[in-house]
Amino acid sequence: EQANYKIADVAALGMGTTNPLAIVARTGRFADFGAFVQEASLKPQGGLSAASWGPKTPSHFYIALLGQQLKREFLHVPFDGGAKAMLAAMSGQVDIAIVTVATALTNIQAGKLAALAVTSGKRSIDLPSVPTIAELGHAGAEYVSFDGFATSSKLPADRLELLRTGISKVLNDPHYKSGIRKIGAEPAFLSGADYDEFLKKNIKTLAEVAAKTPIKD
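The rules behind these values
- Residues numbered from 1 in each chain as written.
- Predicted model: local features only at pLDDT ≥ 70, side-chain atom pairs only at ≥ 80, totals over all residues.
- Heavy atoms only, no water.
- Helix = DSSP H or I, 4+ residues; strand = E, 2+ residues; numbered from the N terminus.
- Rg over C-alpha atoms; globule rule 2.2 N^0.38 Å.
- Buried < 20%, exposed > 50% of the residue type's maximum accessible area, 1.4 Å probe, protein only.
- Areas by Shrake-Rupley, 256 points an atom, 1.4 Å probe, with all protein chains shown as cover.
- Lys, Arg positive; Asp, Glu negative; His and termini not counted.
- Charge placed at Lys NZ, Arg CZ, Asp CG, Glu CD.
- Salt bridge = Lys/Arg side-chain N within 4 Å of Asp/Glu carboxyl O.
- Polar contact = N/O pair within 3.5 Å; in protein donor to acceptor, adjacent residues only side chain to side chain.
- Contact = heavy atoms within 4.5 Å.
- Pairing = 2+ DSSP bridges.
- Phe/Tyr/Trp six-rings, centres within 6.5 Å; stacked < 30°, edge-to-face > 60°.

Caption draft 1: Structural detail: the overall build of the protein chain. Check the secondary structure of the protein chain and you find seven helices and seven strands. Put simply, the protein chain runs from its N terminus to its C terminus through helices and strands in the order β-α-β-α-β-α-β-α-β-β-α-α-β-α. Taking 2.2 N^0.38 as the reference for a compact globule, 217 residues should give roughly 17 Å; the C-alpha atoms of the protein chain span a radius of gyration of 18 Å, in line with that estimate. Summarising its shape, the C-alpha atoms of the protein chain cover approximately 60 × 35 × 30 Å along the three principal directions. The buried share of the protein chain, reckoned over its 217 residues, is 43%. Within the structure as shown, the protein chain displays about 11,300 Å² of accessible surface, and the carbon and sulfur contribution to it stands at 55%. Side chains of the protein chain give 23 positive and 20 negative charges; the mean places of these two sets differ by 2 Å.

Caption draft 2: Quick peek at the pattern of salt bridges. Tallying each qualifying case throughout the model produces six salt bridges. The shortest N-O distance in the salt bridge between Glu135 and Arg123 comes to 3.0 Å. On the criterion of sequence distance, the pair formed by Glu135 in the loop between strand 5 (113-118) and strand 6 (144-152) and Arg123 in the loop between strand 5 and strand 6 is long-range, its members being twelve residues apart. Judged by its relative accessible area of 35%, Arg123 falls in the partly exposed class. A salt bridge links Lys204 to Glu208, with the shortest nitrogen-to-oxygen separation between them at 2.7 Å. Residue Lys204 and its partner Glu208 are located together in helix 7 (residues 192-212), separated by four residues, close to a single helical turn. Glu208 sits in the partly exposed class, given a relative accessible area of 40%. Counted as one network, the salt bridges with shared partners bring together Arg29, Glu39 and Asp95.

Caption draft 3: Geometry of the side chain of Ser59. Position of Ser59 relative to the elements: it lies in helix 2 (residues 58-70). Within the structure, the side chain of Ser59 is placed 3.0 Å from the side chain of Thr57, a separation counted as a polar contact. Excluding residues within four positions of it along the chain, Ser59 makes contact with Ser52, Trp53, Gly54 and Ile98.

Caption draft 4: The side chain of Ser120, seen in detail. Along the chain, Ser120 turns up in the loop between strand 5 and strand 6. From its side chain, Ser120 meets the backbone oxygen of Lys122 in a polar contact 2.7 Å long. Setting aside chain neighbours within four positions, we find Ser120 in contact with Pro20, Thr132, Glu142, Tyr143 and Val144.

Caption draft 5: Expanded view of the environment of Phe61. Within the secondary structure layout, Phe61 lies in helix 2. Here Phe61 falls in the buried class, since its relative accessible area comes to 14%. Distance from Phe61 to Ser145, taken between C-alpha atoms, is 11 Å for residues 84 residues apart in sequence. Contact partners of Phe61, with chain neighbours within four places excluded, come to Lys56, Leu206, Val209, Ala210 and Ile215.

Caption draft 6: Main features of the pairing of strand 4 (residues 96-100). The buried fraction of strand 4 amounts to five of the five residues, a majority that puts the element mostly inside the structure. In terms of strand pairing, strand 1 (residues 10-26) meets strand 4 through four bridges, oriented antiparallel. Looking at the pairing, Leu21 lines up with Thr100 of strand 4. Pairing of strand 2 (residues 49-52) with strand 4 involves two bridges; the strand directions are parallel. Counted as the bridge partner of Ala51 is Ala97 from strand 4.

Caption draft 7: Summary view of unusual backbone geometry. Even without being a glycine, Lys56 presents a positive backbone phi close to 60°. Inspection of the secondary structure assignment puts Lys56 in the loop between strand 2 and helix 2. Here Lys71, not a glycine, exhibits a phi torsion of approximately 60°, which is positive. Secondary-structure assignment places Lys71 in the loop between helix 2 and strand 3 (75-78).

Caption draft 8: Structural context of the packing of aromatic side chains. For the structure shown, the criterion picks out six aromatic pairs. Centroid distance Phe36 to Phe74: 5.6 Å. Interplanar angle 20°. Geometry classified as stacked. Residue Phe36 is located in helix 1 (residues 33-42), and its partner Phe74 is located in the loop between helix 2 and strand 3; the two are separated by 38 residues in the primary sequence. Exposure class is identical for Phe36 and Phe74. Each is buried. Ring pairs connect the aromatic residues Phe30, Phe33, Phe36 and Phe74, which therefore count as one cluster.

Read these as spatial facts, not as claims about activity.
See the structure below:
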């Protein structure tokens, strides 16, 4: 579906968190990320399945991005939410799932699920022993989900600045950061102007991914 707005219609207020993604599989399914890549290379295109938390979500785009980096296609299996995608991987219904670290953390720690890699530029605070995708030789597959605040670009400049100042105070508050950590996300403040540039780059990245691999429902 075509969005009824453009990035020019949006004024960024600030980014508050990043949510690193994890490439997960049933424990014992793959020895490590290298074993996953090797099996993918030996199977025909689409021979391995990958679950997302829904069509056209960050996890769906990441499956396409990962496939482009590895020069392999994966059978995309969308689920209604990250928990269902995770359970599909844990049960062996799919080969891998792309979910947030926060979604998978409890089951990884319990040994029911294996994290093959995290997609962020640095290792996850919660999974320090799990390598980043860049460490594994695929820096082009770095990506994180994120959360932030935005408003209409038609907002008067003085009101926009007032909102940005208020949002900045909240997102930098120690209590806010502590609360974010408790739900498994990572505080990652960007000011309104910096978040605006981040959003534009993110849209450009996703558009490039979609141009190479059609993102269908």
